[in-house]
Amino acid sequence: MPKFTFPKKVYLSGPDCFYLVLEANAQKHQTGNNVVRMVLHFEDDVKAKQLIENAHQSPLVHWLCNITLQKGFLFFKPYWKYADAGNKLKITEHVFGNDHGIPSEILNRNIPLQNSCLLEFDLIKYTSNKTTLIISWNHILMDGRGSGLFIRHLDNPSVVDEKTFPRFFPSSEKKISLFKYIKNMYEVKAFIEKSSQAPIATVASEVKPTNKTFKLKTFAFSTAETETITNNALNNGAKFGANAFLMACCAQAVNTINNKNNKKDTIWLPAPYDGRKRGAQGPIISNCIFFLFYRISPNDLTSIKQTVACINKQMAEQLKIDMPKKYNMLLNMMRHIPLKINSFLTMRSSKGVVASFLFSSAGDSFRDMSGLLNDTISEINIIPPFTYPPGLTFSFLRQNNLLKMNLLYCENNFNTDELSLLESSVQNNLLQNYS
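Quick notes on the side chain of N287
Okay, step 1: Checked against the element boundaries, N287 lands in the loop between β9 (267–274) and β10 (289–296).
Okay, step 2: Residue N287 is classed as buried on the basis of its relative accessible area of 1%.
Okay, step 3: The contacts of N287, once residues within four sequence positions are left out, are S13, P15, D16, Y19, H139, I140, L141, M142 and D143.

Take a look at the structure:
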């Protein structure tokens, strides 16, 4: 590996610290994890081994394997501290039959912040000679978009030096006056308290989870089905992209379960989206995301079209007043607050409910992967963390113009009938004829 002057200290972003709060929440409930996984399926092991070899040679991977989290003291921001402890990338090899399913022991394996390395590779070889490479990392390291940029780096290793830092590490922040921070805090505080005011609908069990295992179900839609979903989004008023329709379909499915259990509470959904500037190729490290918040009352759940209209309206209102950037500024300010106080303030207004369910989308195209690995890769998937509460996550991505949906759930939340109803409801919402 070439000699390189690594950054000794990289401060966590505001969203990084938000996921730090979620990590602490998971430890409190002793359920779920804060791990993101990228799953790459190949027709053979040639390309997978090349990516692994490139990872061994990558100075960025070396940096990732030799950092520790410094949570800060009093009002000092938390940061990643680099010190070359000689830690190497952990790669675990498995041999399975022809099934492309991912074993539960991998899906539920945690990567706690106390680990010597917060990045892990699993290489699965099937008897058919097909190969799956699973890259797992603690969410505080990087977001979904960062993972695409990370794979781009491994597929075509680029020089990591001071000139290319913006591609890999977050840039220095602009200083903001204390007065502006406080003014912004009161404005955002009022908005969040109103948006997340209890009671909030949740599928999480009211008692402490006894079955803490999470399950993953992936639904891959055909070309015709993907086209139907795209048309359904337009027919239901999702004029700013399909995400409003996808969210509405998930909200309606959750509401179906809640109605079955005689719950009529409002659905609350914080939805993340990529906050990088258009065309930006970095950074890889850090969660560069903004949030939009959707409060969906029972009156807005009378139809998919009504729910989409509710989401569209709230999105336009929040963008008009620049709320995502203002909330991000609040998260940046809260980095200076001790973690326990940060956690209390984050969960207070919603009485500990993180969200009614979680939603994420890689957008209309997983753009950082386009053009890469096309000759050898057969399938890509990104699996979000198993967050509890709420213990239910929907995530969407597109590959080669085909839509894929992941349904992640804590087994403690649903019985067999409820799970079957949830699955059929969301699929029917996505695919039914709305014309």
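Considering the side chain of N332
Okay, step 1: When you line up the elements, N332 lands in helix α11 (residues 323–334).
Okay, step 2: One polar contact links the side chain of N332 to the main-chain amide nitrogen of G14, over a distance of 2.9 Å.

What to know about unusual backbone geometry
A negative phi angle is the norm for most residues apart from glycine, just as the trans form is the norm for most peptide bonds.
Okay, step 1: Going from G282 to P283, the amide bond is cis rather than trans, its omega being 0°.
Okay, step 2: Looking at the element boundaries, P283 is found in the loop between β9 and β10.
Okay, step 3: Cis geometry marks the peptide bond from P389 to P390; its omega dihedral reads 15°.
Okay, step 4: Inspection of the secondary structure puts P390 in the loop between β12 (377–383) and β13 (392–399).

Some thoughts on the environment of Q197
Okay, step 1: The topology assignment puts Q197 in the loop between α7 (178–195) and β8 (214–220).
Okay, step 2: Considering only alpha carbons, one finds Q197 and T266, 69 residues apart in sequence, at a separation of 9.3 Å.

A closer look at the pairing of strand β14 (residues 402–410)
Okay, step 1: Buried residues dominate β14, accounting for 8 of its 9 residues.
Okay, step 2: The pairing of β8 with β14 spans 7 bridges and is classified as antiparallel. For L216, the partnering residue across the bridge sits in β14 and is L408.
Okay, step 3: Examined bridge by bridge, β13 and β14 share 8 bridges and lie antiparallel to one another. Across the sheet, residue F396 finds its bridge partner in β14, namely M405.

Conventions and cut-offs
Residues numbered from 1 in each chain as written. Predicted model: local features only at pLDDT ≥ 70, side-chain atom pairs only at ≥ 80, totals over all residues. Heavy atoms only, no water. Helix = DSSP H or I, 4+ residues; strand = E, 2+ residues; numbered from the N terminus. Buried < 20%, exposed > 50% of the residue type's maximum accessible area, 1.4 Å probe, protein only. Contact = heavy atoms within 4.5 Å. Polar contact = N/O pair within 3.5 Å; in protein donor to acceptor, adjacent residues only side chain to side chain. Pairing = 2+ DSSP bridges.

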